[in-house]
Amino acid sequence: GPIGIAGEANKARESGWLQFLFLIASLSFAVGYFNMLPLTFLDGGRALLALLEEITKKSIKDKTLANLNVLGFGVIIVLMGMSFFSDIIRLMEK
């Protein structure tokens, strides 16, 4: 989570610039990978929807797309909540 990332960034900075740059590169890769998840409002979801429209030769209805967006947003909110909760639990254990 974000709290853990901040702690690791501080440790990497103290270890030297090479470690810090490696962490930044790893985070950048992780964000890019996350962006390719097949959720409709992310790039991976847009690519999947375009592929489905091309295969079926039909466009997706606006209501269906809106429902998929709400579902995807809910998934993101749950993942963020789990991440924050995990960070808080980890801090309380120390």
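Please read these numbers as outputs of a predicted model, since none were measured by experiment.

Trainee: What should I look at first to understand helix H1 (residues 2–15) in this one?
Mentor: The periodicity of an α-helix, 3.6 residues per turn, causes residues three or four positions apart to be oriented the same way. Given a rise of 1.5 Å per residue, 14 residues ought to cover 20 Å, and the 20 Å separating the end C-alpha atoms of H1 matches this to within 8%. Looking one or two residues beyond H1, the residue adopting positive phi is Gly 16, at roughly 135°.

Trainee: Sorry if this is basic, but what is going on with the side chain of Asp 87 here?
Mentor: Turning to its location among the elements, Asp 87 is positioned in helix H4 (residues 62–93). Owing to a relative accessible area of 2%, Asp 87 belongs among the buried residues under this scheme. Ignoring any residue separated from it by four or fewer positions in sequence, one finds Asp 87 in contact with Gly 1, Pro 2, Ile 3 and Gly 4.

Trainee: Where do I start with the layout of surface pockets in this structure?
Mentor: Unoccupied space between atoms shows up once a probe the size of one water molecule is rolled over them. Reported here for the largest pocket is a volume of approximately 380 Å³. Those elements that place two or more of their residues in the lining of the largest pocket are H1, helix H2 (17–35) and H4. Approximately 170 Å³ is the volume attributed to the second largest pocket. Looking at the second largest pocket, the residues that line it are Ile 3, Gly 4, Gly 7, Glu 8, Lys 11, Asp 87, Arg 90, Leu 91 and Lys 94. The leading source of residues in the lining of the second largest pocket is H1, at 5 residues. For the lining of the second largest pocket, the residue count by class is 2 nonpolar, 2 polar and 5 charged.

Trainee: Can you help me understand the packing of H1 against H4 in this one?
Mentor: Two numbers describe a pair of packed helices, the interaxial angle and the distance between the axes. Between H1 and H4, whose axes approach to 7 Å, the crossing angle comes to 55°. As summarised for this structure, H1 and H4 are arranged oblique, according to the angle between their axes. Residue-level contacts link Pro 2, Ile 3 and Gly 4 of H1 to Ser 83, Phe 84, Asp 87 and Leu 91 of H4. For the contact of H1 with H4, the residue count by class is 4 nonpolar, 2 polar and 1 charged.

Trainee: Sorry if this is basic, but what is going on with the packing of H1 against H2 here?
Mentor: Where H1 contacts H2, the two axes come as close as 7 Å, and the packing angle between them is 150°. Contacts from Ile 5, Glu 8, Ala 9, Ala 12, Arg 13 and Ser 15 in H1 reach Gln 19, Phe 20, Leu 23 and Leu 27 in H2. Its residues placed into classes, the contact of H1 with H2 shows 6 nonpolar, 2 polar and 2 charged.

Here is what the cut-offs are and how they apply
Throughout this document, residue positions are counted from 1 along each chain, in the order its sequence is written. The predicted origin of the model limits local features to residues at a pLDDT of at least 70 and limits the giving and counting of side-chain atom pairs to 80 or more, whereas totals for whole chains, interfaces and linings rest on all residues. Water and hydrogen atoms were dropped before computing side-chain values, which therefore reflect all heavy atoms in the structure. Strands are runs of DSSP state E lasting at least 2 residues, helices are runs of H or I lasting at least 4, and numbering of each runs from the N terminus. For a helix, the expected span equals 1.5 Å multiplied by the residue count minus one. Here the term buried applies to any residue with accessible area under 20% of the maximum for its type, exposed to any over 50%, and partly exposed to those in between, with areas from a 1.4 Å probe on protein chains only. By definition in these notes, contact holds between two residues if any of their heavy atoms fall within 4.5 Å. Of the two site types, the cavity is a set of points on a 1 Å grid over the protein atoms alone where a 1.4 Å probe fits but cannot get out, and the pocket is an open set with protein on both sides within 12 Å along at least five of seven lines, each lined by residues with an atom within 4 Å of a point. Grid points are joined across faces, edges and corners, and a volume is the space filled by probe spheres set on the points. Under the grouping applied here, Gly and all other residues not named as nonpolar or charged are polar, the nonpolar ones being Ala, Val, Leu, Ile, Met, Phe, Trp, Tyr, Cys and Pro and the charged ones Asp, Glu, Lys and Arg. Only C-alpha atoms enter the line fits that serve as axes; for helices the fit covers just the stretch in contact. Angles between N-to-C directions range over 0 to 180 degrees. The labels follow the angle: roughly parallel below 35 degrees, roughly antiparallel above 145, roughly perpendicular from 65 to 115, and oblique for the rest.

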